[in-house]
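Here's the letter readout for the chains.
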Amino acid sequence: EDQVTQSPEALRLQEGESSSLNCSYTVSGLRGLFWYRQDPGKGPEFLFTLYSAGEEKEKERLKATLTKKESFLHITAPKPEDSATYLCAVQGVDSSYKLIFGSGTRLLVRP
Amino acid sequence: NAGVMQNPRHLVRRRGQEARLRCSPMKGHSHVYWYRQLPEEGLKFMVYLQKENIIDESGMPKERFSAEFPKEGPSILRIQQVVRGDSAAYFCASSVERRGNTIYFGEGSWLTVV
């Protein structure tokens, strides 16, 4: 069964303090790994899709990387506006239309 | 370029009533998905539809829940005889095609059953 585990559950950072969020996954065959950001009371906002091990993508202060077993979302010099819940999801080759989500990491960046 | 549109954003229903949630996919998208997010839980897949077809409803409760995506008009998620446990955020998402393409989410419909 496809599974996604995110850690830590919650993370508090000072503004400017870089860190990484982890997403470990088990899937029979990976079609894609997705990162979303979700603000309270809002829908998930797409950030990145990664398709194969070794792939990296960047957007502003965020950088996503992928290995065969996990993905990392690196946040460099975060700002308070980066505070949100970050969701990781996998799409398997056997059920490629369905996203399996982790429980998310709640990030709080203090000024 | 409008995103995935959901309405209503907030809905309050008494136990036993029906709830209807609507979703218009992004322009050019023909694949629609519904997810549910229970309080303090992650997003769970419910159903995947294309126009006039239910492709996968493996995540949908067997009773009281139904979904459709007619040839014309929005996709509808229907919950009959709601119970308190149905209180959740229901998210619609859409994509161009099912494999490997980005799935974009709407802002959600927040159902409260009293």
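The present account deals with the structure reproduced in this document. Just so we're clear, the structure is a prediction, and the values are computed from it rather than from any experiment. (Residues numbered from 1 in each chain as written. Chains lettered and ligands numbered in written order. Predicted model: local features only at pLDDT ≥ 70, side-chain atom pairs only at ≥ 80, totals over all residues. Heavy atoms only, no water.)

Applying the stated rule across the entire model yields nine salt bridges over all chains. Put simply, R37 of chain A and D39 of chain A hold a salt bridge, and the shortest N to O gap is 3.1 Å. In this structure, E18 of chain B engages R20 of chain B in a salt bridge whose closest nitrogen and oxygen atoms are separated by 2.8 Å. Where salt bridges share partners, they join E18, R20 and R78 of chain B into one cluster. (Salt bridge = Lys/Arg side-chain N within 4 Å of Asp/Glu carboxyl O.)

With that settled, the discussion passes to the state of the cysteines. Here the structure, examined in full by the defined rule, presents two disulfides over all chains. Covalently, C23 of chain A is tied to C88 of chain A through a disulfide, its sulfur atoms 1.9 Å apart. Sign of the S-S torsion, about -65 degrees for the bond between C23 of chain A and C88 of chain A, identifies this disulfide as left-handed. In this pair, C23 of chain A sits in strand β3 (residues 19–26) while C88 of chain A sits in strand β9 (residues 84–92), placing the two residues 65 residues apart along the sequence. Of the residues examined, C23 of chain A reaches a relative accessible area of 0% and is grouped as buried. Note on cysteine connectivity: C23 of chain B is disulfide-linked to C92 of chain B, with sulfurs 1.8 Å apart. Residues C23 of chain B and C92 of chain B are joined by a disulfide whose S-S torsion is about -60 degrees; by sign, that bridge is left-handed. With C23 of chain B in strand β3 (residues 19–24) and C92 of chain B in strand β9 (residues 88–95), this residue pair connects regions lying 69 residues apart in the sequence. Under the relative-accessibility criterion, C23 of chain B is labelled buried at 0%. (Disulfide = S-S within 2.5 Å. Helix = DSSP H or I, 4+ residues; strand = E, 2+ residues; numbered from the N terminus. Buried < 20%, exposed > 50% of the residue type's maximum accessible area, 1.4 Å probe, protein only.)

Note the cis peptide between S7 of chain A and P8 of chain A, where omega equals -10 degrees. Omega for the bond connecting N7 of chain B with P8 of chain B falls within 30 degrees of zero, at 0 degrees, which places this linkage in the cis form. The residue P8 of chain B is located in the loop between β1 (5–7) and β2 (10–13) in this model. One non-glycine residue, Q81 of chain B, lies in the positive phi region at around 45 degrees. Residue classification places Q81 of chain B among the exposed positions, given a relative accessible area of 53%.

So, about the environment of V93 of chain A. With respect to the helices and strands, the residue V93 of chain A is situated in the loop between β9 and β10 (99–101). In this view, V93 of chain A contacts G29, L30 and R31 of chain A; residues no more than four positions away in its chain are not counted. (Contact = heavy atoms within 4.5 Å.)

Let us now look at the interface of chain B and chain A. Listed as interface residues are 22 residues of chain B and, on the opposing side, 19 residues of chain A. A combined buried area of about 1700 Å² lies between chain B and chain A, and 55% of that area is made up of carbon and sulfur atoms. Scanning the region where chain B abuts chain A turns up two salt bridges. One salt bridge connects K42 of chain A with E107 of chain B, and the closest N-O pair in it is separated by 3.7 Å. Counting every contact that joins chain B to chain A gives seven residue pairs in polar contact (both at pLDDT 80 or more). Contributions of two or more residues to the side of chain B that touches chain A are made by β4 (31–37), β5 (43–50) and β10 (104–105) of chain B. Here the side of chain B that touches chain A is composed, by residue class, of 10 nonpolar, seven polar and five charged. (Buried area = accessible area lost by both parts, 1.4 Å probe. Polar contact = N/O pair within 3.5 Å; in protein donor to acceptor, adjacent residues only side chain to side chain. Nonpolar A, V, L, I, M, F, W, Y, C, P; charged D, E, K, R; others polar.)

A few words on the pairing of strand β7 (residues 65–68) of chain B. All names here are of chain B. Here β7 shows one buried face, formed by F65 and A67, and one open face, formed by S66 and E68. Pairing geometry for β7 and strand β8 (residues 75–79), over four bridges, is antiparallel. Looking at the pairing, S66 lines up with R78 of β8. Counted between consecutive antiparallel strands, the loop separating β7 from β8 contains six residues, among which G73 sits at a positive phi close to 100 degrees. (Pairing = 2+ DSSP bridges.)

Right, let's talk about the sheet that holds strand β1 (residues 3–7) of chain A for a bit. Backbone hydrogen bonds hold the strands of a sheet together, and the pairing may be parallel or antiparallel. Residue and element names in this part refer to chain A. Strand order across the open sheet formed by five strands is β1-β3-β8-β7-β6, with antiparallel pairing between neighbours. The sheet terminates laterally at β1 and β6 (56–59), the two strands that pair on one side only. Taking each pair of neighbouring strands and ignoring which way they run, the sheet shows an average axis angle of 15 degrees. Summarising the sheet, β3 and strand β8 (residues 70–75) pair through six bridges and their orientation is antiparallel. Following the sheet pairing, S24 is matched in β8 by E70. (Axes fitted to C-alpha atoms, helices over the stretch in contact; angles between N-to-C directions.)

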